[in-house]
Amino acid sequence: MAIDPSAILQGRAPGRAPVGVIVGIVFASVCLLVILAFDAVTGGGSFVVGLLLALLPVAVWLPLVLALDRLEPEPPNALIFAFLWGAGVAALFASILNTLGLSLLTETELTGEEEGWYVVATFGAPVVEELLKGAVLFGMLWWRRQELNGPTDGVIYAAMVGLGFAATENVQYFIDALDSDQLGYVFVLRAVVSPLLHPLCTAMTGIGVAVAALAGPGRLRRTAPLYGLLGAIALHSLWNGSTKFGLVGLGFAYLVGFVVLIVLIVILARDRRRIVQLIEHYLPLYGPVGIITPDDLRMLSSLPGRRAARGWARAAGGRPAERAMTDYQQAATELALLHQRAGAQRDLDPHGLEQQRQYLVWVMQQARAAFMARLPHPPASPWGATGFRPPGQA
């Protein structure tokens, strides 16, 4: 029976479709269509302009987020689901709950409408929105923990959720701004000054969830996601609440957000070094098997080396060879991370881990075989003379 390498690289059993992800994408898409249909009906001619303007920040920031995911790329269907969850499910239900909260405050005369908006934005919306955005991350921790191999994965998924949520939310903001002749001000505030508000906030939940995914049984696994969620709520509340204090409040909130961004960048840089160290530590064990050489190990340990290897493979053997190189690189990275999970977590299924290990070794072997079949004597590679050749072959 033919085995699909993509299934193995996505961490699912070969031959089994990702039913849960597919159902989630369909449900999230329906929610997105519902909220966009509502915006179209209520916004009239302003809807198209609002939608196009809301997509501009996504076009800028989405490629940058995905660029962080080059060393160990996440499954495309999981990334799409995360984005649609934020844009559809989280945005729809947050809109409903926030509106109900405002109605409760104003109809019971606890506050006026303006004060009610401030209370909801500062104390209600951050809790509602971060819980809804973070729900998909908690779901991954429960059902797809193998996809969370470190802080980078948590940040990537959180950023996808946040970008989706912000895009849908901005549609309504821009429609309202058009109707009140404040489009320029609102666009600068939403798309220029604070385009990363939602990704930054939810990234804190993502890091907490990722820490829990790597932790063994114990208190850290239970508390890390909650601390991350509380941090997301606090940062979100600080930003929304700062609007009452003018430029001083906005400047302070912006400074805090900038510090959080710098901390995230440091965490991501350290996590990349961690993954490289895992590759260098575990993959030499597979030298005798014939799927890794010292030159290949150096190539796998740097992004420029990987990029050069894919370019060389395409030049030498076309797109099939490039695809084989991509599969080889990803399988090698997943293999190193699998060894880490096996060593750090005692509650995982040893049989399942061993089966996944064998599958990943198979993918690396097949990648070499696919390349060698096209070019039995490939030219020297840019990272060493061995290239895709078995160790010892001249």
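In case you missed it, the structure is sitting above this.
To keep things clear, this report deals only with the structure shown in the data block. Just so it is clear, the model here is predicted, and its values are computed rather than measured.

## Some words on helix α6 (residues 151–179)
Here comes step 1: Here α6 spans 42 Å end to end across 29 residues, near enough to the 42 Å set by a 1.5 Å rise per residue.
Here comes step 2: The element α6 is largely enclosed, with a buried count of 24 among its 29 residues.
Here comes step 3: In the segment just after α6, Asp181 is the residue with positive phi, at about 60 degrees.

## Some points on the layout of surface pockets
Here comes step 1: Computed from the structure, the largest pocket encloses a volume of approximately 1,600 Å³.
Here comes step 2: Along the walls of the largest pocket sit 45 residues, with Trp117, Ala121, Glu169, Tyr173 and Arg190 positioned nearest its centre.
Here comes step 3: Those elements giving two or more residues to the lining of the largest pocket turn out to be α2 (19–43), α4 (76–107), α5 (113–143), α6, α7 (183–193), α8 (197–214), α9 (219–241) and α10 (246–282).
Here comes step 4: No other element matches the 9 residues that α5 contributes to the lining of the largest pocket.
Here comes step 5: For the lining of the largest pocket, the per-class residue count stands at 22 nonpolar, 14 polar and 9 charged.

## Things to note about the packing of helix α3 (residues 46–67) against α6
Helix packing geometry: the angle between the two helix axes and the distance between the axes.
Here comes step 1: Orientation of α3 relative to α6, taken along the N-to-C sense of each, is 155 degrees, at an axis distance of 8 Å. Our classification of the angle between α3 and α6 gives roughly antiparallel. The two elements α3 and α6 meet at a crossing, and its hand is right-handed. Where α3 abuts α6, its residues Ser46, Phe47, Val49, Gly50, Leu51, Leu53, Ala54, Val58, Trp61, Leu62, Val65 and Leu66 lie against Ile156, Ala159, Met160, Leu163, Ala167, Asn170, Val171, Phe174, Ile175, Leu178 and Asp179.
Here comes step 2: Across the contact of α3 with α6, the residue classes tally to 19 nonpolar, 3 polar and 1 charged.

## A short note on empty space enclosed by the protein
Here comes step 1: Applying the stated criterion across every chain yields a total of 2 cavities of 30 Å³ or more.
Here comes step 2: Taken as a whole, the largest cavity encloses approximately 60 Å³ of empty space.
Here comes step 3: The wall of the largest cavity is formed by Ala54, Pro57, Val58, Trp61, Leu163, Ala166, Ala167, Asn170, Arg190 and Pro195.
Here comes step 4: Sorting the residues of the lining of the largest cavity by element identifies α3 and α6 as the ones contributing at least two each.
Here comes step 5: A class-by-class count of the residues in the lining of the largest cavity yields 8 nonpolar, 1 polar and 1 charged.
Here comes step 6: In this structure, the second largest cavity spans a volume of roughly 50 Å³.

## Considering unusual backbone geometry
Here comes step 1: Unlike most non-glycine residues, Asp181 shows phi in positive territory, near 60 degrees.
Here comes step 2: With respect to the helices, strands and loops of the structure, Asp181 is situated in the loop between α6 and α7.
Here comes step 3: What makes Asp181 exposed here is its relative accessible area of 72%.

What counts and what doesn't
- Residues numbered from 1 in each chain as written.
- Predicted model: local features only at pLDDT ≥ 70, side-chain atom pairs only at ≥ 80, totals over all residues.
- Heavy atoms only, no water.
- Helix = DSSP H or I, 4+ residues; strand = E, 2+ residues; numbered from the N terminus.
- Expected span 1.5 Å × (residues − 1).
- Buried < 20%, exposed > 50% of the residue type's maximum accessible area, 1.4 Å probe, protein only.
- 1 Å grid on protein atoms, 1.4 Å probe; cavity = no way out; pocket = protein on both sides within 12 Å on 5 of 7 lines; lining within 4 Å.
- Points joined across faces, edges and corners; volume = space filled by probe spheres on them.
- Nonpolar A, V, L, I, M, F, W, Y, C, P; charged D, E, K, R; others polar.
- Axes fitted to C-alpha atoms, helices over the stretch in contact; angles between N-to-C directions.
- Parallel < 35°, antiparallel > 145°, perpendicular 65-115°, else oblique.
- Left-handed = near helix turned anticlockwise from the far one by under 90°.
- Contact = heavy atoms within 4.5 Å.

In short, geometric facts, not functional conclusions.
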